Amino acid sequence: MLMLLGVVALASFLPISGRPAEIFAALANGAIALLFFLHGARLSRDTVIAGLSHWRLHLIILLATYALFPVLALVLDYGLVSMLTPTLASGILFLAILPSTVQSSIAFTSIAGGNVPAAVCAASGSNILGIFITPLLAGLLFASRGVGFSGSVLITIVTQLLLPFVLGQVLQPWIGGFVRRHRFVLGFVDRGSILMVVYLAFSEAVTGGLWRQFSATALLTMVFVDAALLALVLLITTYGSRRLGFSKEDEITIVFCGSKKSLATGVPMATVIFAGQNIGAIVLPLMLFHQIQLMTCAILAQRYARRLKALAASKEEDPTEDWPEIEPGAQEASSRAK
């Protein structure tokens, strides 16, 4: 979070442009391709098979990611459109159609005591499907704003994101163990690629007068919309999973995988889908949402973990809690027999 703020500040005072920006963009694209290659290499086949078997859970997560989020964003955008600039409104709609995060979804699910194999499969599947679903939804939602779906956009996204992932998955039997043992490499590439793309996007936006375009009211409204969007999704996924009869472990997985939006995938997609537009302003709501979701879900994960520990402790203190209950009639019959 501090590094993201530092990169935004650096781009605000020392933006990169011209030929150096072109070279830096090529390096950033290479870092993004490497990131998805490492994701493909890290994900084991057994995990994919185990996760895919829980189809009801994955269906709920996909509906939350690609249906619930866009509907809520459209409602909020319609109600507050007069207080937002068109660019910020586009940014909020764009974050709503992005796939879920991978690392943080799995990490929070693990901390909270959820279904980790299903979380790995759900988060990874969300990103793979997002390569196709996000451009399609962008074509539908942004048609009136000058952005339409095109085959070239899909080809660029597939080439930069999907093909490296597939290559990593093909080589997984040989390099998967090495990648999983050296997680710091994945974390370094993950954070580094995001910082590079954010610096590039904000440099271009600052050069075009980013910070002179928005009023304080518009920025505060954006903060409110991001927070409200996350709160609504968390409430619906939590109580919805309970009403649908999912276990506590599956509920945790649905909450953390269904409420996230990926900055690592979103920023590269924005540079392709909104080519020629103010990318820095469009990804600004996503960057803010990313910080809010990390802080909120960290608190939620700790609360889930404390509840599980308290439940385990209560069972240890009272071992009869798991014993089957005896029907009153059976208890009387047992007494007469004695």
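Residues numbered from 1 in each chain as written. Predicted model: local features only at pLDDT ≥ 70, side-chain atom pairs only at ≥ 80, totals over all residues. Heavy atoms only, no water.

(A) Inspection of the overall build of the chain at higher detail. Helix and strand content of the chain: 15 helices and zero strands. Per-residue burial for the chain yields a buried fraction of 49% across its 338 residues. Taking contacts inside the chain between residues at least 6 apart in sequence as the whole, the part at least 24 apart equals 87%. When the accessible area of the chain is evaluated, it comes to approximately 16600 Å², of which 68% is carbon and sulfur surface. (Helix = DSSP H or I, 4+ residues; strand = E, 2+ residues; numbered from the N terminus. Buried < 20%, exposed > 50% of the residue type's maximum accessible area, 1.4 Å probe, protein only. Contact = heavy atoms within 4.5 Å. Areas by Shrake-Rupley, 256 points an atom, 1.4 Å probe, with all protein chains shown as cover.)

(B) Quick peek at the environment of P268. Within the fold, P268 resides in helix α13 (residues 263–273). Taking the C-alpha atoms as reference points, P268 and V198, separated by 70 residues in sequence, lie 9.1 Å from one another. Excluding residues within four positions of it along the chain, P268 makes contact with I32, Q160, V197 and L263.

(C) Seen up close, a nonpolar patch on the surface. Taken together, the side chains of V166, L167, V170, L171 and W174 present a nonpolar region at the surface, about 500 Å² in accessible area. Looking at the secondary structure, you find L167 in helix α8 (residues 151–170). For L167, a relative accessible area of 46% puts it in the partly exposed group. (Patch = residues over 30% accessible without salt bridge, like charges linked within 9 Å, V, L, I, M, F, W, Y side chains within 5 Å. Salt bridge = Lys/Arg side-chain N within 4 Å of Asp/Glu carboxyl O.)

(D) Seen up close, the environment of S104. Relative to the assigned elements, S104 resides in helix α6 (residues 103–112). Spatially, the C-alpha atom of S104 lies 9.1 Å from that of C297, the residues being 193 residues apart in sequence. Apart from the residues within four sequence positions on either side, S104 is in contact with K260 and L294.

(E) Expanded view of the pattern of salt bridges. In this structure the tally under the stated criterion is three salt bridges. R242 is the partner of E251 in a salt bridge, and the nearest nitrogen-oxygen pair spans 3.1 Å. For E251, the salt bridge goes to K248, with nearest N and O atoms at 3.2 Å. Here E251 and its partner K248 are both found in helix α12 (residues 248–258), three residues apart, which amounts to about one turn of the helix. Salt bridges sharing common partners tie together R242, K248 and E251.

(F) View of the packing of helix α11 (residues 216–243) against α12. The N-to-C vectors of α11 and α12 enclose an angle of 155 degrees; their axes lie 9 Å apart at closest approach. Here α11 is positioned roughly antiparallel relative to α12, judged by the angle of their axes. Where α11 crosses over α12, the two elements pack in a sense that is right-handed. Two secondary-structure elements touch here, α11 through V233, L234, T237, T238, S241 and R242 and α12 through K248, E251, I254, V255 and G258. Residues of the contact of α11 with α12, tallied by class, amount to four nonpolar, four polar and three charged. (Axes fitted to C-alpha atoms, helices over the stretch in contact; angles between N-to-C directions. Parallel < 35°, antiparallel > 145°, perpendicular 65-115°, else oblique. Left-handed = near helix turned anticlockwise from the far one by under 90°. Nonpolar A, V, L, I, M, F, W, Y, C, P; charged D, E, K, R; others polar.)

(G) Representation of the nonpolar core. By size, the foremost hydrophobic cluster in this structure holds 91 residues, and its most contacted members are F94, V198, F202, L229, F256, M269 and F274. Grouped together as the second largest cluster of nonpolar side chains are eight residues, I61, A118, F246 and I254 included. (Core = buried A, V, L, I, M, F, W, Y, C linked by side-chain atoms within 4.5 Å.)

(H) The packing of aromatic side chains, seen in detail. One pass over the full model with this rule turns up six aromatic pairs. Here F24 and Y199 contribute two aromatic rings whose centre-to-centre distance is 5.6 Å and whose plane-to-plane angle is 80 degrees, an arrangement assigned as edge-to-face. Taken together, the positions of F24 in helix α2 (residues 18–42) and Y199 in helix α10 (residues 183–207) put the pair 175 residues apart, joining distant regions of the chain. Given a relative accessible area of 13%, Y199 falls into the buried group. (Phe/Tyr/Trp six-rings, centres within 6.5 Å; stacked < 30°, edge-to-face > 60°.)

(I) View of the confidence of the model for the chain. Per-residue pLDDT for the chain averages 82, and the proportion of residues at 70 or more is 87%. The secondary-structure element of the chain with the lowest mean pLDDT is helix α15 (residues 328–337), recorded at 46, while α12 shows the highest, at 94. Confidence over residues 320–338 falls short of pLDDT 50; this stretch has five contacts with residues more than four positions distant or in other chains. (pLDDT = per-residue confidence, 0-100.)

(J) Spotlight on the side chain of S126. For S126, the location among the structural elements is in helix α7 (residues 116–141). Residue contacts for S126: discarding those within four places in its chain leaves L62, T65, Y66, P99 and S100.

(K) Main features of the packing of helix α4 (residues 55–80) against α7. The N-to-C vectors of α4 and α7 enclose an angle of 35 degrees; their axes lie 10 Å apart at closest approach. For the pair α4 and α7, the sense of crossing is right-handed. Contacts between α4 and α7 involve L57, H58, I61, L62, T65, Y66 and L74 from the first element and A118, C121, A122, S126, L129, G130, I133, T134, L137 and L141 from the second. Grouping the amino acids of the contact of α4 with α7 by side-chain chemistry returns twelve nonpolar, five polar and no charged.

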